[in-house]
Amino acid sequence: MAVSIQSAQSIFSNMEIASAVPATTEAFYKLSVEDQLALLWYAYTEMGISITPAAPGVASMALVEGILSEIKQMSPAAQSKTMFDLASNADTTIGRIYTSLRVNTKLGFWYELGQLMKQGIVAPIPAGYQMSPEATTVLETIKKLDPSQQITVLRNTVVNMGYDPAFSQEYGKRSAPRSTPTAPEERVKTKIEGISEQTVLNYIDYMNAFDFTPAIGLFAEEGALQPPFQKPIVGREAILNYMREECIGLKMMPQQGVSEPTEDGYRQVKVTGKVETPWFGANVGMNIAWRFLLDPQGQIFFVAIDLLASPKELLNLIRQ
Ligand code: 45D
């Protein structure tokens, strides 16, 4: 059987991913928008893990200052309506601006709104608001998830707000701004137990330095990257845009891996380890697997990134 992106998706498939995340996300979208907003507020404020103070530094807050000050000046009812419009993907000016932002900036925008809600400058969830029983169930489910799954659910909801969120995920059709990579003298070389493939080691090093142009050079022309719970992003251009939009500030700490030849001169490599987001830093270490399929030239034909169900999956390196 010829190697394809579809066949590549099932390498090392004998692992447990955090399937509670898509299940919870799906249940969340069945709720009314009012319930969604209230639930996010309770989940965010009662989660027990907090955003690191340096985090908004990865967001381009200058881009949202305008809409934030506009919102501050609105009546409480108009503020609530603005949040409702964002959550219900309404076609509004603010909704269109929001869609054009990078993920970290969307998160920074909501972080700031959350602060303003706590200070009473932006309309809070009305005191005594009664969520439906369904929403209460979803909230209870979220509270029981481990922190890395909780923040993934929150992040997904924020990413899908604004007008036409599908557009902001068409990475091939828009170009994201560049940012400055880490200086060469500040970079560290990754070592991964069991892995000597230079492509994989370089991938991690470039990603940790936010040096996305050489990172993309490690991919085959029609190579693909599949983020957790998403479809593969295909082609260098689209992957580069994706990285510029979503990968600034991530800290990748791979620990161990296995590597073996497969058919037609390809090689499959599985690596497990931790990833930290700039928002929660060392407060939340996400358990991650990278499943690489390298082509005969040693280029990345496919890489999937998965959020693992539990830390014990980090040790699941069985070759399958
Ligand atoms: O609506 O190798 C309020 C890839 C009220 C790339 C609110 C990767 C109402 C390749 C509460 C104010 C990226 C795939 C809202 C690796 C309301 C690669 C606010 C993996 C919305 C390794 C809510 C990276 C707020 C990974 C402020 C796995 C919510 C990265 C804030 C994962 C939520 C990153 C935040 C994650 C969530 C980050 C800040 C899961 C951040 C999550």
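Refer to the structure presented above.
Quantities reported herein were computed from a predicted structural model and do not represent experimental measurements.

Visitor: An account of the overall build of the protein is requested, with residue identities and associated values reported.
Guide: Looking only at helices and strands, the protein has 13 helices and six strands in total. Across its three principal axes, the protein shows a C-alpha extent of roughly 65 × 40 × 35 Å. Relative to its 320 residues, the protein shows a buried fraction of 54%. Excluding contacts between residues fewer than 6 apart, the proportion of contacts in the protein whose partners are at least 24 apart in sequence is 70%. Entry remark: accessible area of the protein is about 14,600 Å², with carbon and sulfur atoms responsible for 55%. Across the protein, 26 positive and 33 negative side-chain charges occur, with their mean positions spaced 2 Å apart.

Visitor: So, the pattern of salt bridges: which residues are in play, and what are the values?
Guide: Opposite charge on two side chains lets them pair, provided their charged atoms get close. Summed over all chains, the structure comprises nine salt bridges. Between arginine 267 and glutamate 197 there is a salt bridge, and its shortest N-O distance comes to 3.6 Å. Taken as a pair, arginine 267 in strand β4 (residues 267–276) and glutamate 197 in the loop between α10 (165–168) and α11 (198–208) lie far apart in primary sequence, 70 residues in all. We classify glutamate 197 as buried; its relative accessible area is 14%. Between aspartate 306 and arginine 291 there is a salt bridge, with its nearest N and O atoms 2.8 Å apart. Here aspartate 306, found in strand β6 (residues 300–307), pairs with arginine 291, found in strand β5 (residues 286–294); they are 15 residues apart in sequence, far enough to count as distant. When its relative accessible area of 5% is taken as the criterion, arginine 291 is described as buried.

Visitor: Any chance you could break down the nonpolar core for me, citing the residues and the numbers?
Guide: In this structure, Phe109, Tyr203, Met243 and Trp290 are the most contacted members of the largest nonpolar core, which totals 89 residues. If one sorts the elements of this core by residue count, helix α7 (residues 103–118) sits on top with eight residues. Residues within four places of tyrosine 203 in sequence aside, it is in contact with Leu218, Phe219, Leu225, Met243, Trp290, Phe292, Ile300 and Ile305. Formed by 12 residues, the second largest nonpolar core is a distinct cluster that contains Phe12, Leu293, Phe302 and Ala304.

Visitor: Can you explain the packing of helix α3 (residues 33–46) against helix α8 (residues 133–144)? Please cite residues and give values.
Guide: Contact geometry of α3 with α8 gives a least axis separation of 10 Å together with a crossing angle of 25 degrees. Judged by the inter-axis angle, α3 sits roughly parallel to α8. For α3 against α8, the interelement crossing comes out right-handed. Here Asp35, Leu39, Tyr42, Ala43 and Glu46 of α3 come into contact with α8, specifically with Ala135, Val138, Leu139, Ile142 and Lys143.

Visitor: Which residues make up the sheet that holds strand β1 (residues 219–226), and what values do they have?
Guide: A sheet is described by the order of its strands in space; here six strands give the open sequence β2-β1-β6-β5-β4-β3, paired in mixed fashion. In the strand order of this sheet, the two ends are held by β2 (233–234) and β3 (251–261), each with one partner. Pairing between β1 and β6: four bridges, direction parallel. The residue bridging leucine 225 from the neighbouring strand is valine 303, located in β6. Where helix α13 (residues 236–246) meets the sheet, its contacts fall on β1 and β2, and the angle it forms with β1 comes to roughly 45 degrees.

Visitor: So, the environment of glutamine 255: which residues are in play, and what are the values?
Guide: Turning to its location among the elements, glutamine 255 is positioned in strand β3. Residue class for glutamine 255 comes out partly exposed when judged on its relative accessible area of 33%. For the pair formed by glutamine 255 and glycine 194, sequence separation is 61 residues and the distance between their alpha carbons is 9.1 Å.

Definitions and cut-offs
- Residues numbered from 1 in each chain as written.
- Predicted model: local features only at pLDDT ≥ 70, side-chain atom pairs only at ≥ 80, totals over all residues.
- Heavy atoms only, no water.
- Helix = DSSP H or I, 4+ residues; strand = E, 2+ residues; numbered from the N terminus.
- Buried < 20%, exposed > 50% of the residue type's maximum accessible area, 1.4 Å probe, protein only.
- Contact = heavy atoms within 4.5 Å.
- Areas by Shrake-Rupley, 256 points an atom, 1.4 Å probe, with all protein chains shown as cover.
- Lys, Arg positive; Asp, Glu negative; His and termini not counted.
- Charge placed at Lys NZ, Arg CZ, Asp CG, Glu CD.
- Salt bridge = Lys/Arg side-chain N within 4 Å of Asp/Glu carboxyl O.
- Core = buried A, V, L, I, M, F, W, Y, C linked by side-chain atoms within 4.5 Å.
- Axes fitted to C-alpha atoms, helices over the stretch in contact; angles between N-to-C directions.
- Parallel < 35°, antiparallel > 145°, perpendicular 65-115°, else oblique.
- Left-handed = near helix turned anticlockwise from the far one by under 90°.
- Pairing = 2+ DSSP bridges.

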